[in-house]
Amino acid sequence: MTDQLLWYTTRAAGAVSLVLLTAVVILGVLSALRFKTAGWPGFLTTGLHRNLALVTLVFLALHIVTAVVDPFTHLGWLSAIVPFSSYYRTFWLGLGTIAFELLAAIVVTSLLREYVGHATWRVIHWLTYAAWPIGVVHGLGTGTDAWSPWFFTLTLVCVAAVGFAVAYRLVAGSRDPLAAPRASFRSGVERKSEQ
Amino acid sequence: MTRLRLLAGPDLSLGPERLHAHVERLGPTPVLGHSLIDMLEASGLTGRGGASFPVARKWRSVARHRGGPVVVVNGAEGEPQSLKDRVLMSTRPHLVLDGALLAARTLKASQVIVYVGEDHREARAAMAGALAERPDPELRRARLVAAPARYVAGESSAAVNLLDNSIASPMSKPPDPHEAGVGDAPTLVQNVESLAHVSLIARYGAEWFKSAGRRGGAGTVLITVAGAVPSPGVVEIEAGTTVREVLDMAGGVDPASRAVLIGGYFGTWVDFAAAQDLALDPAALRERGLGLGCGVVGVISSRGCGVCETARIMRYLAGESSAQCGPCFFGLRALADACGRIADKGSNADDLARLHRWARDVRGRGACRHPDGAAMFLQSALQTFAPEFSTHPAHWRANAGGRDAA
Amino acid sequence: MEIGIDRIRCDGRGLCAELAPELIRLDDWGYPIIAASPVPDHLLSHAQKAVAACPVLALSLRQAAKRALG
C-alpha cells in the first residue's frame with residue numbers, strides 16, 4: 001500500500017511542480033515586460049515569482065524523494081544527481097535530473113544574487129528557457145500518466161500558456177526606454193583601435 | 001600687462017615648441033620627490049578641467065591607494081567653445097609633458113596616457129611629435145589615445161571607460177578613478193593646463209606661482225573669450241583679473257551687451273553690467289555662487305536673445321547625454337523641449353513652471369555631473385534672463401538668436 | 001543608514017517606490033527620487049525590502065557617507 005502511496009505522490013507532486021513552474025515562468029516574463037496595473041503592483045509580480053519558485057522546489061523535492069525511495073523504480077540517490085544513470089527509463093529520467101539541476105542553479109544564484117552579481121545572475125537565469133521545456137518533456141516521457149487525458153491536457157495548457165507568454169515577450173522587445181538611445185550613444189563613442 | 005607664463009616664449013603662430021628650445025628656455029625637467037605635492041599644495045593650484053579641484057589633494061588621493069597608478073593627461077576638451085587646451089597642446093606640448101612626467105615620477109606611475117580629442121588634429125600631431133622627442137622612459141612608453149568628439153568624453157570616468165572598455169561613457173561612482181580607474185589602478189586624470197602649471201611650479205616654486213595674481217587670486221589662468229567680441233580666442237591672465245579687463249584684451253565690447261556666460265556650457269549666465277567687476281579666480285567666483293569651469297567667457301550681444309541661446313545650448317547638452325541614466329536623458333530633453341517651446345512659440349506659465357521644477361529634480365540624479373551642469377546652467381539663465389523668459393514673444397525659427405550670440 | 005543608488009543600473013522599474021513610498025518617489029519619467037535624509041528607524045525594514053526588491057540590484061543600504069568633494 002505504501003508503494004502505491006509513494007507512486008501517487010511522485011506523480012501528483014510532478015504534476016503540481018509542472019503547473020507551479022509554468023506559473024513561475026509566466027510571472028518571470030510578466031516581470032521582464034514590467035507588467036503592472038492600478039491593482040497589481042510591480043512588486044507583486046516579482047514577489048509571487050520568487051515565492052512560487054520556492055514552493056515549486058518543495059514539490060520537486062517531494063517528487064524526487066518519493067521517486068527515489070520507491071522500491072518499484074530501483075532508483076538510487078545517484079540518479080537524482082547524475083543524469084542518465086538510472087536503469088529505469090534512463091533517458092526520460094535523465095532529462096528530469098537535468099531540469100532539476102538547472103533549476104537548482106537558477107534558484108541558488110537568485111538567492112545569492114547580491115554576491116554573484118547581476119551579470120552572472122542574469123546569464124544563469126536564462127537557463128529557465130532550457131529547464132522548463134526539458135521538465136515538460138521529462139513529464140511526457142517518464143510519467144505513467146503521460147498520455148492519460150488529464151495529464152496530457154494539463155501539459156498542453158501549460159505549453160500553450162508559456163508559448164504565448166514567450167512569443168509576446170519576443171515581439172514586445174525591450175521595455176527599457178533607454179535601451180535604444182543608450183545603444184545609439186555607445187556606437188558613437190566606441191573606439192576599437194588606438195593611435 | 002600680464003606677464004605671460006604658460007604662453008611665454010616663441011610666438012604662438014610658430015606652432016609646437018620643440019624640445020631643445022623648451023629646455024633652452026626653461027631648463028630640464030626638475031627632479032623632485034614627494035615634496036612636489038607639498039609645493040603644489042602651498043601654491044593653491046586648482047584644476048583647470050572644469051571642477052577647480054585642488055591639484056595637490058587629487059595627487060594625494062591617488063598616492064593613498066594601492067597599486068601602480070596611471071596618469072591620464074586629459075586634453076579631450078569636449079566643451080565646444082573652449083580652445084585653451086588645444087592652443088596649449090599645439091604650442092607648448094613640452095610644458096604639458098613635463099607636468100605629466102612629474103606626475104608619473106611623483107606618483108610612481110606605471111603608465112602615462114595622453115588623451116586628445118579625435119578631431120583636434122593640430123593638437124594631436126603636436127603631442128605625438130613632442131612625445132617622440134622625449135628620451136624619458138615614462139614618456140617613451142606613453143600612449144596617445146583619441147577621445148571621441150562628445151561632450152562627456154572628457155569626463156574622468158568616461159576617459160577610464162574608453163581606455164578599459166573602448167567606450168567613452170561615464171561610469172558609476174564609487175569607485176572614483178583616483179581609487180580604481182584604468183585597469184582598476186588608482187588613476188590621476190589631470191587637465192593639460194593644470195599639468196603645464198605643475199611643470200612651472202616645479203621649476204620656480206609655490207611662492208613664484210602666487211606672485212602672479214590680483215585681488216587675492218594666485219597664478220595665471222588660460223581663458224577662452226568667445227561670442228560677441230572683436231577678437232575671440234585664448235588669453236592668459238592673472239587669476240583675479242576682472243571680466244571687464246579680459247573683454248578689453250579681446251578687443252573691448254559693446255557696453256549694451258546683454259550678458260556673459262562664465263565657465264562654458266556648464267557655467268553660469270551673469271548680467272553684463274554685474275559681470276564687469278567679477279574677478280576670474282576660482283575661489284572668488286565660488287564665493288559668489290559661480291564657477292570658473294573650463295575658463296570660457298562668452299558674451300551675448302544686445303541683439304542676441306538669451307532665451308534662444310539658452311534653448312540652443314540646452315538642446316545641445318540634452319543631445320550629449322550618454323543615455324545611461326533616466327533623469328539625465330529624459331530630464332534634459334524635457335528641459336530642452338520646454339526651453340525650445342518658449343523660444344519658438346513664446347512664454348507661457350506652464351513651461352516656465354516645468355523648467356523650474358525639472359531643473360531641481362534632475363540635479364544630483366545622474367551617475368556623472370552632466371545633468372547637474374546643464375541644470376545649473378539653466379537655472380542661471382532663468383535668473384539672469386528672467387524678464388526675457390516671462391515675456392518672450394513667438395518668433396520664426398530662422399531669426400532665432402543673434403548671429404553673434406555667445 | 002541611507003539608501004544608495006547606482007544611477008546607471010537603475011532602469012526605472014519603480015518597485016522601490018511601491019515598497020517604500022515614504023522614502024522614494026518617482027519623477028515624471030519613472031525614475032526614483034530618494035529622500036536625502038537618513039532612513040528613520042521605523043522605516044528601516046521597508047527600506048530593506050525596497051532595496052532587496054530591485055530587479056537590477058541598483059539599490060543598497062549603507063552607512064550615511066560623507067559627500068566626496070569635487
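Residues numbered from 1 in each chain as written. Chains lettered and ligands numbered in written order. Predicted model: local features only at pLDDT ≥ 70, side-chain atom pairs only at ≥ 80, totals over all residues.

1. Side note on the environment of Ala256(B)
Residues and elements named next belong to chain B.
(1) Moving on: Mapped onto the elements of the fold, Ala 256 is located in the loop between α11 (243–249) and β7 (259–262).
(2) Moving on: Take Ala 256: there are 10 C-beta atoms within 10 Å of it, and that puts it in the exposed class.
(3) Moving on: Sequence-wise, Ala 256 and Ser 302 are 46 residues apart; in three dimensions their C-alpha atoms are separated by 5.6 Å. (Helix = DSSP H or I, 4+ residues; strand = E, 2+ residues; numbered from the N terminus. Buried ≥ 20, exposed ≤ 12 C-beta atoms within 10 Å, placed from the backbone.)

2. A word on unusual backbone geometry
(1) Moving on: Geometrically, the link from Lys173(B) to Pro174(B) is a cis peptide bond, its omega value of 5° lying close to zero.
(2) Moving on: You can see Pro174(B) is positioned in the loop between α8 (156–165) and β4 (187–191).
(3) Moving on: Cis geometry marks the peptide bond from Pro174(B) to Pro175(B), where omega comes out at 0°.
(4) Moving on: Mapped onto the fold, Pro175(B) is located in the loop between α8 and β4.
(5) Moving on: Positive phi is not limited to glycine here, since Leu57(C) has a value of about 55°.
(6) Moving on: Along the chain, the position of Leu57(C) falls in the loop between α2 (44–53) and β4 (59–62).

3. Digging into the pairing of strand β8 (residues 268–271) of chain B
Residue and element names in this part refer to chain B.
(1) Moving on: Bridge count between β7 and β8: four bridges; the pairing is antiparallel. Looking at β8, one finds that Leu 261 is bridged to Trp 269.
(2) Moving on: Linking β7 to β8, which pair antiparallel, is a turn of five residues; within it Gly 263 sits at a positive phi near 105°. (Pairing = 2+ DSSP bridges.)

4. Considering the confidence of the model for chain B
Residue and element names in this part refer to chain B.
(1) Moving on: Chain-level statistics for chain B give a pLDDT mean of 93 and a share of 97% at 70 or above.
(2) Moving on: Per-residue pLDDT stays below 50 along residues 397–406; that stretch engages in 29 contacts with residues further than four places along the chain or on separate chains.
(3) Moving on: The complex model carries a pTM of 0.91, and its ipTM stands at 0.92. (pLDDT = per-residue confidence, 0-100. Contact = placed C-beta atoms within 7 Å.)

5. A few points about the sheet that holds strand β9 (residues 296–300) of chain B
Residue and element names in this part refer to chain B.
(1) Moving on: Spatially, the five strands line up as an open sheet ordered β6-β5-β9-β7-β8, and their pairing is mixed. Each edge of the open sheet is held by one strand with a lone partner, namely β6 (233–238) and β8. Here the strands of the sheet are splayed against their neighbours by 30° on average, with no regard to which way each runs. (Axes fitted to C-alpha atoms, helices over the stretch in contact; angles between N-to-C directions.)

6. Structural notes on the domain arrangement of chain B
In many analyses, interface size is given as the accessible surface area lost on bringing the parts together.
All names here are of chain B.
(1) Moving on: Here chain B is partitioned into domain 1 (12–210), domain 2 (212–300) and domain 3 (306–399).
(2) Moving on: Placing a centre on the C-alpha atoms of domain 2 and another on those of domain 3 gives a separation of 23 Å.
(3) Moving on: Counting residues at the interface gives ten residues for domain 2 and eleven residues for domain 3.
(4) Moving on: Ranked by residues supplied to the side of domain 2 that touches domain 3, first place goes to β8 with four residues.
(5) Moving on: Here the residues of the side of domain 2 that touches domain 3 are counted per class, giving six nonpolar, two polar and two charged. (Domains from an automatic or database assignment. Nonpolar A, V, L, I, M, F, W, Y, C, P; charged D, E, K, R; others polar.)

7. A closer look at the nonpolar core
(1) Moving on: Of all hydrophobic cores here, the largest spans 145 residues; its most connected members are Val71(B), Val73(B) and Leu335(B).
(2) Moving on: Among the elements that line this core, the one with the most residues is helix α15 (residues 326–345) of chain B, at ten residues.
(3) Moving on: Of all hydrophobic cores here, the second largest spans 24 residues; its members include Val25(A), Leu27(A), Phe100(A) and Cys158(A). (Core = buried A, V, L, I, M, F, W, Y, C linked by C-beta atoms within 7 Å.)

8. Re the interface of chain A and chain B
(1) Moving on: With twelve residues of chain A at the interface, the matching set in chain B holds 17 residues.
(2) Moving on: When grouped by side-chain class, the residues that make up the side of chain A that touches chain B number four nonpolar, two polar and six charged.

9. Description of the packing of helix α3 (residues 90–111) of chain A against helix α6 (residues 128–142) of chain A
Residue and element names in this part refer to chain A.
(1) Moving on: The geometry of α3 relative to α6 is characterised by a closest axis approach of 8 Å and an angle of 150° between their N-to-C directions. As summarised for this structure, α3 and α6 are arranged roughly antiparallel, according to the angle between their axes. You can see that α3 and α6 cross each other, and the crossing is left-handed. Contact residues: α3 offers Trp 92, Leu 93, Leu 95, Gly 96, Ile 98, Ala 99, Leu 102, Leu 103 and Ile 106, while α6 offers Thr 128, Ala 130, Ala 131, Ile 134, Gly 135, Val 137, His 138, Gly 141 and Thr 142. (Parallel < 35°, antiparallel > 145°, perpendicular 65-115°, else oblique. Left-handed = near helix turned anticlockwise from the far one by under 90°.)

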